[in-house]
Every structure is written in structure tokens, then in C-alpha cells.
Amino acid sequence: ILNVEQSPQSLHVQEGDSTNFTCSFPSSNFYALHWYRWETAKSPEALFVMTLNGDEKKKGRISATLNTKEGYSYLYIKGSQPEDSATYLCAFQSAGNMLTFGGGTRLMVKP
Amino acid sequence: DGGITQSPKYLFRKEGQNVTLSCEQNLNHDAMYWYRQDPGQGLRLIYYSQIVNDFQKGDIAEGYSVSREKKESFPLTVTSAQKNPTAFYLCASKGINNSPLHFGNGTRLTVT
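Chemist: Quick rundown of the nonpolar core? Include the residues and the values.
Modeler: Core analysis: the biggest nonpolar cluster contains 23 residues, and L33(A), W35(A), F48(A), L75(A), Y88(A) and L107(A) have the highest contact counts within it. When residues in this core are grouped by element, the largest group, four residues, is from strand 9 (residues 86-94) of chain A. Apart from the residues lying within four places of it in its own chain, the contact partners of F48(A) are L33(A), H34(A), W35(A), K57(A), K58(A), K59(A), I62(A), S63(A), A64(A) and L75(A). One finds Y64(B), V66(B), F74(B) and Y89(B) within the second-largest nonpolar core, a separate group that totals 20 residues.

Chemist: Explain the pattern of salt bridges residue by residue, including any values.
Modeler: All names here are of chain B. Inspection of every chain in the model, using the stated rule, returns six salt bridges over all chains. The residue R36 makes a salt bridge to D38 at a minimum N-O spacing of 2.8 Å. Each of the two residues, R36 as well as D38, counts as buried. Overlapping salt bridges, with partners in common, bring together R36, D38 and R44 in one network.

Chemist: Which residues make up the pairing of strand 4 (residues 31-37) of chain B, and what values do they have?
Modeler: All names here are of chain B. Of all seven residues making up strand 4, six are buried, and the element is well covered by its neighbours. For strand 4 and strand 9 (residues 87-94), the ladder comprises seven bridges, and the chain directions are antiparallel. Bridge pairing in strand 9 links R36 to Y89. In this structure, the hairpin formed by strand 4 and strand 5 (residues 43-51) is closed by a connection of five residues, where G40 is found at a positive phi of approximately 75°.

Chemist: Could you give an account of the interface of chain A and chain B, naming the residues involved and the relevant values?
Modeler: Listed as interface residues are 21 residues of chain A and, on the opposing side, 23 residues of chain B. For the chain A and chain B pair, buried surface summed over both sides reaches about 1,700 Å², with 60% attributable to carbon and sulfur atoms. Along the contact surface separating chain A from chain B lie zero salt bridges. Joining chain A to chain B, the criterion identifies eight residue pairs in polar contact (both at pLDDT 80 or more).

Each value, and the rule that gives it
- Residues numbered from 1 in each chain as written.
- Chains lettered and ligands numbered in written order.
- Predicted model: local features only at pLDDT ≥ 70, side-chain atom pairs only at ≥ 80, totals over all residues.
- Heavy atoms only, no water.
- Core = buried A, V, L, I, M, F, W, Y, C linked by side-chain atoms within 4.5 Å.
- Buried < 20%, exposed > 50% of the residue type's maximum accessible area, 1.4 Å probe, protein only.
- Helix = DSSP H or I, 4+ residues; strand = E, 2+ residues; numbered from the N terminus.
- Contact = heavy atoms within 4.5 Å.
- Salt bridge = Lys/Arg side-chain N within 4 Å of Asp/Glu carboxyl O.
- Pairing = 2+ DSSP bridges.
- Buried area = accessible area lost by both parts, 1.4 Å probe.
- Polar contact = N/O pair within 3.5 Å; in protein donor to acceptor, adjacent residues only side chain to side chain.

What follows is the structure, given as C-alpha cells:
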């Protein structure tokens, strides 16, 4: 079983705070690293898919970086808003197209 | 609209019965996946299929079976051999290479 770990498990921040989470994954057999946002009562939706070491992607206030050599990715949220409250999942995609998820980071943003 | 349909949304079964969860997609994706979520945990991979008539075990395949006779469909059977079948089940599909997963709305299975 591949070890994909996310930290922290949960996070409470105030509106306007910036925050970041970590996803660590095996550095061998790597093909891509995915980030998803999962809001309550909805399906997970894709944020980013990254493949190259040093990749940085941005969507509005959310950005992500990738280090495949050391096996980690960071997700940053700038100026958190209550609507950012969700569980953020990362997934390791192997060369064989298997996708293994981490346990997720649950973010709660207080107004 | 293209998407993934899982049915039913809620399913109740008695212990000892097999039950099949449906997953259909019209996105023309080759790859399909089944995940299970338990309270307080992330998504764990049960089975995945990269192409019609082929599938591979994920991390927790014991007590489950799948088939992939059509590109659009990837049903999951929860057999009586699955020790703790009560859970939330999510199906997903994926296009080529580094495309993201597209998820269905899930089926919540309760076995008593």
C-alpha cells in the first residue's frame, strides 16, 4: 500500500488568514500529483494536476507547488474565506494510472 | 451534459446478501475507479479499470468484485465476504495521462 500522507488533519483559521497544507508521497514510480476540494454534500472537484518537479499552479487565491525529488506538495490558500471551508485531498498517480489518496485536510474558516 | 451517475444514492441490505452498486459515465473516459470512505478517513481505492475487460485490485479489494464489459459502465459488487461493508462509495472516471478524476455523487450503503 502506497503511503500518501497529509498534514494537518484539520485546521481552523479566521477569515483573511493565509494557510497551507502538506502532502507527502513516494518519490518512486511518480506520474502526477492531484489536488481536490471536497465540500460537504458535494462530490470532490479537481483543483490541480501537477507532473513536473518544481511545478507551480495557481487558481485564484489557491496555489500549489510540487517537489517530486523529495516527495511533497504544498497547497496554499491566501486570504481564506468561509466558502473555502472544505476537505482538501491530494492523490498520488503512479505510472500505472493507480490513484492513491491521502487522508485529507479539513479546513474550517471562521467569519 | 456529460458526467458520472451513481445509483442508488442510499442502499440498505441485510448481512449476508450481495449488493451491486451502479456507476455509469458518458465522458468517454477509458479509466474508472471505485473508492470507499469511512467516517474520519480519506478515500481508499477498491478497484480500478484502465480499459474495457481489464481491471486491477486497489488497496482494499477483498470482499468486492467488479466487471468492465462496457466503456461506460463499471459496477461494483459488495459480497457477503466483505466484513465491514457499511460505508460511502464513490465512483470516478478519468481521461488520458494527467487528466483529473471526475466523481459521481456517491452511494451510501448500510448493511445491518
